Amino acid sequence: MSDSAGDCAGQRPVVTEAEVEALVRGICFKTGPPRTLGVELEWLVHELRDPRLPASPERLSAAYAALRTLPLSSALTVEPGGQLELSSAPATSLTELIGSVSADLTAVRAVLREADLALSGFGHDPWKPPRRYLHEPRYDAMEQCLDRYGPEGRAMMCSTASVQVCLDAGYEEPGPLGYGRRWWLAHQLGAVLLAAFAHSPVAGGRATGWRSTRQSLWAAMDPGRTSAPRLNGDPRAAWARHVLDAPVMCVRADEGPWGVPEDMSFRDWTRAADPPGRADLDYHLTTLFPPVRPRGHLELRMIDAQPGEDGWIVPLAVTAALFEDPEAAEVAYRTVKPLAERAGSLPAPCNPLWITAARSGLADPELHEAAVVCFEAAAGALPRLGASTEVCAAVAAFTDRYVARGRCPADDLLSLLHVHGKDIRT
């Protein structure tokens with residue numbers, strides 16, 4: 001969400017349709033041995049004394065100014081609704097990544113605590129309606145564009161948070177760690193990860209009917225922007241076509257509000273009298289939000305923010321194990337292959353498999369069975385990846401509490417809401 005490519009128009013020199021296709025094909029999958037790993041963590045920010053209370057914009061601004069003085073290894077950005085995001089630097093191991101991000105989070109929480117603020121790991125704010133914190137041309141244009149499809153866009157912008165895992169694209173050659181296999185696996189295994197880590201069943205204090213309300217928003221808003229390309233054929237060619245055919249969100253301006261065209265694809269723009277430039281293409285790429293986004297590396301965007309200060313470590317560790325360890329990757333591939341039939345011909349996240357994962361979590365028998373096998377494979381792979389005993393124990397505890405029982409973190413929130421009649425607190 002916060003991956004802006006700059007705020008100036010920068011429309012020259014222009015790019016042709018053929019040049020766009022060649023550029024995208026050249027930058028979307030950078031192949032080679034998988035060596036690095038990253039994570040992007042989004043958090044809701046609220047009053048320390050009561051997570052149901054929003055912090056005023058003035059207090060958020062003061063706290064964020066203080067945070068920007070910290071010597072963090074991660075990039076710190078702010079989302080449209082005031083959510084905080086930490087984007088790690090690429091790390092050469094899971095242990096290195098967890099250590100650096102954990103240190104950054106400790107420093108961030110200390111500063112927020114001084115301001116009587118705190119972070120919450122919900123995929124969707126359970127209490128408060130969407131409220132814009134950032135009023136910038138990019139987000140003004142985004143809101144105007146997404147409002148055409150309904151209220152889901154504003155909720156996505158202002159009320160959601162996630163754990164995004166970033167993986168190297170993989171080898172050029174085929175095999176368990178080849179980029180073609182990893183691209184396909186990310187879209188099928190993605191439904192299992194979505195179901196296992198769903199954590200957003202409540203909005204406005206009421207159950208929504210979805211284990212992952214956050215994912216339901218992505219599926220409902222502007223499919224041309226949030227859907228994956230079809231998985232048949234060459235991934236590079238498919239993504240290049242997808243980029244060209246995706247709708248243009250906005251045309252940037254040096255002064256004043258940005259233009260928000262209707263029914264204009266990037267392909268249409270390249271054929272117009274005033275065609276886009278390379279900077280416009282770079283910006284357009286940041287306005288596409290599929291569940292798996294190729295940015296040279298693969299950015300997996302389907303996992304809800306997790307409960308607890310360290311809850312984010314489990315989806316990171318499980319995802320890394322299932323992609324980076326060849327044995328676990330092969331098990332995951334064989335396990336999720338039958339699920340592709342349920343997905344059918346529709347791309348994620350709007351196909352039946354992903355809709356079921358978002359609505360039912362691991363209550364769905366086939367997703368539950370696949371999760372059990374995949375989490376077992378991940379547990380076996382983590383020691384081979386050098387994971388600490390603490391990380392292995394956290395994955396085992398999550399597996400026992402949720403996966404083995406056909407549950408996900410969303411079910412805990414629903415139990416608090418319906419069974420015990422308690423407030424949902426952090």
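Above this text you will find the structure in question.
Predicted model, so just to flag it, every value in this text is computed and none were measured.

Novice: Please give an account of the packing of aromatic side chains that cites residues and values.
Specialist: Within this structure, the stated rule accounts for 12 aromatic pairs. Between phenylalanine 29 and tyrosine 179, the ring centres sit 5.4 Å apart and the planes meet at 50°, which makes this aromatic pair tilted. Residue phenylalanine 29 is found in the loop between α1 (17-27) and β1 (37-47), and its partner tyrosine 179 is found in helix α6 (residues 179-196); the two are separated by 150 residues along the sequence. Taken as a pair, phenylalanine 29 and tyrosine 179 share a single burial class, namely buried.

Novice: Which residues make up the environment of isoleucine 355, and what values go with them?
Specialist: Along the polypeptide, isoleucine 355 turns up in helix α15 (residues 352-360). Note on isoleucine 355: relative accessible area 25%, which makes it partly exposed. Contacts of isoleucine 355, omitting those with residues within four sequence positions, involve Trp210, Ala219, Pro349 and Cys350.

Novice: I'd like to hear about the packing of helix α4 (residues 137-147) against helix α5 (residues 152-159), residue by residue, with values.
Specialist: In contact at an axis separation of 7 Å, α4 and α5 are set at 145° when each is read in the N-to-C sense. Seen from α4, the contacting residues are Tyr139, Met142, Glu143, Leu146 and Asp147; seen from α5, they are Gly153, Arg154, Met156 and Met157. Residues belonging to the contact of α4 with α5 are distributed by class as follows: five nonpolar, one polar and three charged.

Novice: Go over unusual backbone geometry with me, naming the residues and quoting the values.
Specialist: Following alanine 348, the chain continues to proline 349 via a peptide bond in cis, the omega torsion being 5°. Residue placement: proline 349 occurs in the loop between α14 (339-343) and α15. Positive phi outside glycine occurs at aspartate 263, with the angle close to 55°. Relative to the helices and strands, aspartate 263 resides in the loop between α9 (235-245) and α10 (266-270).

Novice: Describe in detail the side chain of glutamine 306, supporting the description with residues and values.
Specialist: Here glutamine 306 lies in the loop between β9 (298-304) and α12 (313-324). In terms of polar contacts, glutamine 306 uses its side chain to reach the backbone carbonyl oxygen of phenylalanine 197, at 2.8 Å. A polar contact is formed between the side chain of glutamine 306 and the backbone oxygen of aspartate 304, at a distance of 2.9 Å. Non-local contacts of glutamine 306, meaning those with residues more than four positions away in its chain, are made with Gly121, Val163, Phe197, His199, Gly311, Trp312, Pro315, Phe398 and Pro409.

Novice: Report on the packing of helix α3 (residues 94-114) against α12, specifying residues and quantitative values.
Specialist: Between α3 and α12, the least distance of the axes is 11 Å, while the angle of their chain directions is 160°. Considered as vectors, α3 and α12 are oriented roughly antiparallel to each other. Between α3 and α12 the crossing geometry is right-handed. For the pair formed by α3 and α12, the contact residues are Leu94, Leu97, Ile98 and Ser102 on the first element and Ile313, Leu316, Ala317 and Ala320 on the second. Residue composition of the contact of α3 with α12, grouped by class: seven nonpolar, one polar and no charged.

Novice: Could you give an account of the side chain of histidine 187, with specific residues and numbers?
Specialist: For histidine 187, the position within the fold is in helix α6. Since its relative accessible area comes to 2%, histidine 187 is described here as buried. Setting aside its immediate chain neighbours within four residues, histidine 187 contacts Ala228, Leu231, Val292 and Trp354.

Novice: Give me the pairing of strand β4 (residues 117-120): which residues, what numbers.
Specialist: For a regular strand, the rule is simple: side chains alternate between the two faces of the sheet. Side chains of β4 alternate between two faces, with Leu117 and Leu119 and Ala118 and Ser120 buried alike. Sheet topology places β1 next to β4; four bridges connect them, and they run antiparallel. Bridge pairing in β4 links glutamate 47 to leucine 117.

Novice: Requested: an account of the nonpolar core, with residues and values cited.
Specialist: Grouped together as the largest cluster of nonpolar side chains are 123 residues, with contacts concentrated most on Leu84, Leu189 and Trp312. By residue number, the principal contributor to this core is α6, which donates 12 residues. Setting aside its immediate chain neighbours within four residues, tryptophan 312 contacts Leu41, Trp43, Ile98, Val101, Ser102, Leu105, Val163 and Gln306. With six residues, the next largest nonpolar core counts Leu44, Trp127, Ala161 and Ala305 among its residues.

Novice: I'd love a proper account of the pattern of salt bridges, names of residues and values included.
Specialist: Under the definition given, this model contains 30 salt bridges. In this structure, the salt-bridge partner of arginine 52 is aspartate 50, at a minimum N-O distance of 2.9 Å. A relative accessible area of 28% places arginine 52 in the partly exposed class. Assessed through its relative accessible area of 12%, aspartate 50 is described here as buried. The closest approach of N and O atoms between arginine 154 and glutamate 143, which form a salt bridge, is 3.3 Å. Highlighted residues: arginine 154 in helix α5 and glutamate 143 in helix α4, separated in sequence by 11 residues. Ionic contacts of the salt-bridge type, sharing partners, join the residues Arg132, Asp140, Glu143, Asp147 and Arg154 into one network.

Analysis parameters
- Residues numbered from 1 in each chain as written.
- Predicted model: local features only at pLDDT ≥ 70, side-chain atom pairs only at ≥ 80, totals over all residues.
- Heavy atoms only, no water.
- Phe/Tyr/Trp six-rings, centres within 6.5 Å; stacked < 30°, edge-to-face > 60°.
- Helix = DSSP H or I, 4+ residues; strand = E, 2+ residues; numbered from the N terminus.
- Buried < 20%, exposed > 50% of the residue type's maximum accessible area, 1.4 Å probe, protein only.
- Contact = heavy atoms within 4.5 Å.
- Axes fitted to C-alpha atoms, helices over the stretch in contact; angles between N-to-C directions.
- Nonpolar A, V, L, I, M, F, W, Y, C, P; charged D, E, K, R; others polar.
- Polar contact = N/O pair within 3.5 Å; in protein donor to acceptor, adjacent residues only side chain to side chain.
- Parallel < 35°, antiparallel > 145°, perpendicular 65-115°, else oblique.
- Left-handed = near helix turned anticlockwise from the far one by under 90°.
- Pairing = 2+ DSSP bridges.
- Core = buried A, V, L, I, M, F, W, Y, C linked by side-chain atoms within 4.5 Å.
- Salt bridge = Lys/Arg side-chain N within 4 Å of Asp/Glu carboxyl O.

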